[in-house]
Every structure is written in C-alpha cells, then in structure tokens.
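For reference, the chains in residue letters:
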Amino acid sequence: MPCSPAKARVLLREKKAKVRQRTPFTIQLTIATGESKQNITLGQDAGYRHVGLSATTEKAELFASETELRHDIPDLLATRLAMRHNRRQRKTRYRAPRFNNRVHNRKKGWLAPSVEHRIDSHIRLIENVCRLLPVTKIMVETASFDIQAIRNPDISGLQYQQGEQLGFWNVREYVLWRDGHKCQHCKGKSKDPILNVHHLESRKTGGDSPNNLVTLCGTCHKAYHAGQIDLNFKRRRSMRSEASMGIMRWALFNRLKEIHLDKTVKSTYGFFTKYTRIKHGIEKTHCADAFCITGNLNAKRLPDYLLQKQVRKHNRQTHKMTIGKGGVRKRQQAPYQVFGFRLFDKVRLGNREGFIFGRRSKGCFDIRKITGERITEVTYRKLKLVEPRKSFLIVVCPLDSL
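The structure displayed is predicted, hence computed values, not measured ones.

A. Looking closely at the pairing of strand E6 (residues 137-142). Across the 6 residues of E6, 5 count as buried, placing the element largely inside the fold. Of the pairings in the sheet, the one linking strand E3 (residues 41-45) to E6 comprises 5 bridges and is parallel in character. Considered in E6, the bridge of Thr-41 is made with Lys-137. Where E6 and strand E9 (residues 264-269) come together, 6 bridges link them in parallel fashion. Paired with Ile-138 across the two strands is Val-265, which belongs to E9.

So, in structure tokens, the structure goes:
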C-alpha cells in the first residue's frame, strides 16, 4: 500500500524494500508484514482513443491515469495488404492466396484486428495496475450506441430494418441516386455523361461507406487527381468509434471475468457516471469519470495523474516503400540501438526530460515531449538514460493541467 516519501526512503536505506519501477515510483517490501489488505476498487472508463483509470479505497485515491491508445492499426493493415497484393502480381515466385487459412474460418468469435488490439490494450492497462496494488474489485464502463438513432433521431419500429440503401443493388448505385446522378462539383456544366464515385478520404482510411463517397463526372474526377481543382466537400460523420465500442463492450467484460476469477468484476453505464459526476460537481475528464465509476466518492483525490501514450513496439518492414535512384529498394537500416539508446527511450537533457522520437546513426537524436511537442535535437553525448522504452510512455502531470 502507498506510504509517505520519508517512510519509503527509510525502508530503502535499511534494505527493507527495493525499487520495483520508477514511473510511477514503486517499492516492494523484502520483509514479511502482518498488515491486512484494504478493499481497493479499480474503475476503468473504456474509450476508443482514451482510457481513464482510477484505483480508490474508501478514504483515498491510490492511482489515477489517462492513456492515449494507438489508432494506426487499420492503416498498417491496409498497407500490408497492398504490399502483399503487389508481391503476388510481380514477376517473382508466385504465392497463391490461401483463403482456407483465414482466422475467421478456423475460430468462432473472430474480431477485427483493430478491435482485438483495443481490447488487449484495455486489459493490459488493468493488469499493470493489478501488479502494483491488491485490487479486489474491477468496475468497467461499457457503452452501447444506437447508430441509426444518432443519424436519424426520429427513427422507430420497422425503420430499423429498412436502412438507407434499401432497394439498391450496391453502394455505388445508392450514391448516384442520392446525388441525383449529377456531378456535385460542376453540377453538370462539363456535359460529361460519365459519372464516377469518388472517395473523400482514401479507401485505406475511410472505407467504402456512403458518407465517404461523392459523385463526380469523369472530367472533374481526372482534374482533381491531376491537382487542377479542389473539392470543398467534407466527409459526413464517421461512426467507426461508436461501432468499435459496441463490438468490444461485452468481449472486454467477459474476458476480464475469465482472467480475474478471484476478483469481483462488474460493469456500469455512461449515464450513471454522468449523473454521479454532475451531482458531485466533478469536472469532465477521463480520470474523473474513472473516479466516479469506482463509487468511492468520499475518497481524497490525488493531486496528480499519470499521462500515458501507447506506441508501436517494432517495425518489421524489411525494405523501405520508396525506391531510390537506380531502382534500388533500400533496406530498413536503423540499428537496434544507437550509442546505447533506442526509439522512445526516456532521457534527461540538463534539467529537462523527454522521449526519443527520432534518431540518426551518427548519434543525433530528436527529443520531444510525450505529446509530440519538440524540445530539441541534440547529440547522444548530452543525454542520460532515465528509463528504457516500454509500450506505454508515462509522465506525471498535475491534475490542474487537465
């Protein structure tokens, strides 16, 4: 359990404890004690991009954090798919697509890789807290979204079964009908009879949903891709985050119950959290929502919290995407370590701390804050390693900065 800094220094000096980790600073006793454990409730505010965590007892808050998750999984998977298609079409050794070796053909309950990664990240954050504190109860806020009601608040009854594409053969036919079979840029002034369906965002990131498509004539379509005209259209609201949260809500809850059989695992809903937060006059943050989820509202809150950012562990790409002069495709030549430092290591430069966001083989490093704000570019001789890189970058921030 937490203790005062003075007591921690005494325990470390007398060799009765050892340092477990630096951020958050944690010590572990090396002697047996007869103290009983307190009931600790861990609340998690699940989210698509941000996750809030708070561990409390009836008297005090012991842990508080806010984590920014990765959101580059769909882009990386789409890039990998394009590279594999390219390899199969080149005049190289032929590798036939193995459609019978797909995961969803072998195992029921398959989830999209981006959703699966998000569930694993939520569970990993809970596991990190359980390694530090003897948590006895876990509360998770799950959310269900009525996507059709968000788009059309007046929807009811049979209309839920009759979507916007009812009666159309495919998405292209629906988009052409929606736009009146007319170019949305020139409004038919080009007199071009050929109509194309254009992606506002790339298919890699935006998909083929109707809110990402617009009708353009062949003339305007070619002119846009040639950089001769600009389009003033914006994609309509995407429901990717709501759909992802709706898919993962029960999968996350059921997996936590299977993993933590010795703990009480319960779920709550967002409207309960909102009511509790407004009733007690608590500010709207992810940490505050997690604190309300724990139910120990009389506990004294911490003056600071942990700001975490999830980063990619490895880049297994063998060669670079771009081809250099002479038609040579270079290899990814970044070494594992450069003068003892790796990417995303936490380092100290004078009285400032930051993370390595870029490096060169000659020993020049790009040092930035956890938010990506650049601090400086400096040589390795002026850096001191504070913590080796992890999948979650961590800094301590005052609660007033939220």
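B. How the structure looks around the sheet that holds strand E14 (residues 374-379). Reading across the sheet, the 5 strands line up as E14-E13-E12-E11-E15 and stay open at both edges, with antiparallel pairing between neighbours. Of all the strands in the sheet, just E14 and strand E15 (384-387) have a single pairing partner and so form its edges. The sheet shows a mean angle of 45° between the axes of neighbouring strands, direction not considered. Relative to E14, strand E13 (residues 364-368) runs antiparallel, the two sharing 5 bridges. Looking at E14, one finds that Phe-365 is bridged to Val-378.

C. Structural detail: the packing of aromatic side chains. Per the stated rule, a full pass over the model turns up 9 aromatic pairs. For the ring pair Phe-168 and Tyr-174, a centre distance of 5.4 Å and an interplane angle of 70° mean the geometry is edge-to-face. With relative accessibility at 22%, the residue Phe-168 sits in the partly exposed group. Overall, Tyr-174 belongs to the buried group, its relative accessible area being 7%. Seen from their ring centres, Phe-341 and Phe-365 are 5.5 Å apart, and the 70° between their planes marks the pair as edge-to-face. Within this pair, whereas Phe-341 is found in the loop between strand E10 (304-310) and strand E11 (346-349), its partner Phe-365 is found in strand E13, the two being separated by 24 residues in sequence. The burial state of Phe-341 is the same as that of Phe-365; both residues are buried. Aromatic rings pair up to connect Phe-168, Tyr-174 and Trp-177 into one cluster. Here Arg-118 stacks its cationic end above the ring of Tyr-48, 4.1 Å away from the centre of that ring.

D. Representation of the nonpolar core within the structure. If you look at the biggest cluster of nonpolar residues, it comprises 32 residues, and the most contacted ones within it are Ile-119, Val-129, Leu-133, Val-135 and Leu-252. Contributions of two or more residues to this core are made by strand E4 (50-56), strand E5 (61-68), helix H4 (113-132), E6, helix H9 (240-259) and strand E16 (392-398). Here this core gets 7 residues from one element, more than from any other, and that element is H4. Look past the residues within four positions of Ile-119 in its chain and what remains in contact with it is Leu-111, Met-248, Ala-251, Leu-252 and Arg-255. In this structure, Tyr-174, Leu-176, Leu-216 and Cys-217 belong to the second largest nonpolar core, which totals 13 residues.

E. Fine view of the packing of helix H10 (residues 270-279) against helix H11 (residues 286-294). Between H10 and H11, whose axes approach to 9 Å, the crossing angle comes to 100°. One element, H10, and the other, H11, form an angle in the roughly perpendicular class. Of the residues in H11, those touching H10 at Thr-273, Thr-276 and Arg-277 are Asp-289, Cys-292 and Ile-293. Considering only residue class, the contact of H10 with H11 consists of 2 nonpolar, 2 polar and 2 charged.

F. Representation of the sheet that holds E6 within the structure. The strand order across the open sheet built from 7 strands is E9-E6-E3-E4-E5-E10-E16, with neighbouring strands paired in mixed fashion. Pairing within the sheet leaves two strands with one partner each, and these edge strands are E9 and E16. Across the sheet, the axes of successive neighbouring strands diverge by a mean angle of 20°, strand direction being ignored. Alignment of E5 against E10, held across 4 bridges, turns out to be parallel. Residue pairing in the sheet places Ser-65 in a bridge with Leu-306 of E10. Across the face of the sheet, H10 comes into contact with E6 and E9 while running at roughly 80° to E9.

G. Region of the structure containing unusual backbone geometry. In the segment running from Thr-23 into Pro-24, the intervening peptide bond is cis, with an omega of -5°. Note that Pro-24 resides in the loop between strand E1 (17-21) and strand E2 (26-29). In this structure, Phe-339 is a non-glycine residue whose phi angle is positive, near 55°. Turning to its location among the elements, Phe-339 is positioned in the loop between E10 and E11. Owing to a relative accessible area of 42%, Phe-339 belongs among the partly exposed residues under this scheme. Here Phe-344, not a glycine, exhibits a phi torsion of approximately 70°, which is positive. Within the secondary structure, Phe-344 sits in the loop between E10 and E11. Under the relative-accessibility criterion, Phe-344 is labelled buried at 13%.

The rules we used
Residues numbered from 1 in each chain as written. Predicted model: local features only at pLDDT ≥ 70, side-chain atom pairs only at ≥ 80, totals over all residues. Heavy atoms only, no water. Buried < 20%, exposed > 50% of the residue type's maximum accessible area, 1.4 Å probe, protein only. Helix = DSSP H or I, 4+ residues; strand = E, 2+ residues; numbered from the N terminus. Pairing = 2+ DSSP bridges. Axes fitted to C-alpha atoms, helices over the stretch in contact; angles between N-to-C directions. Phe/Tyr/Trp six-rings, centres within 6.5 Å; stacked < 30°, edge-to-face > 60°. Lys NZ or Arg CZ within 6 Å of the ring centre and 35° of its normal. Core = buried A, V, L, I, M, F, W, Y, C linked by side-chain atoms within 4.5 Å. Contact = heavy atoms within 4.5 Å. Parallel < 35°, antiparallel > 145°, perpendicular 65-115°, else oblique. Nonpolar A, V, L, I, M, F, W, Y, C, P; charged D, E, K, R; others polar.

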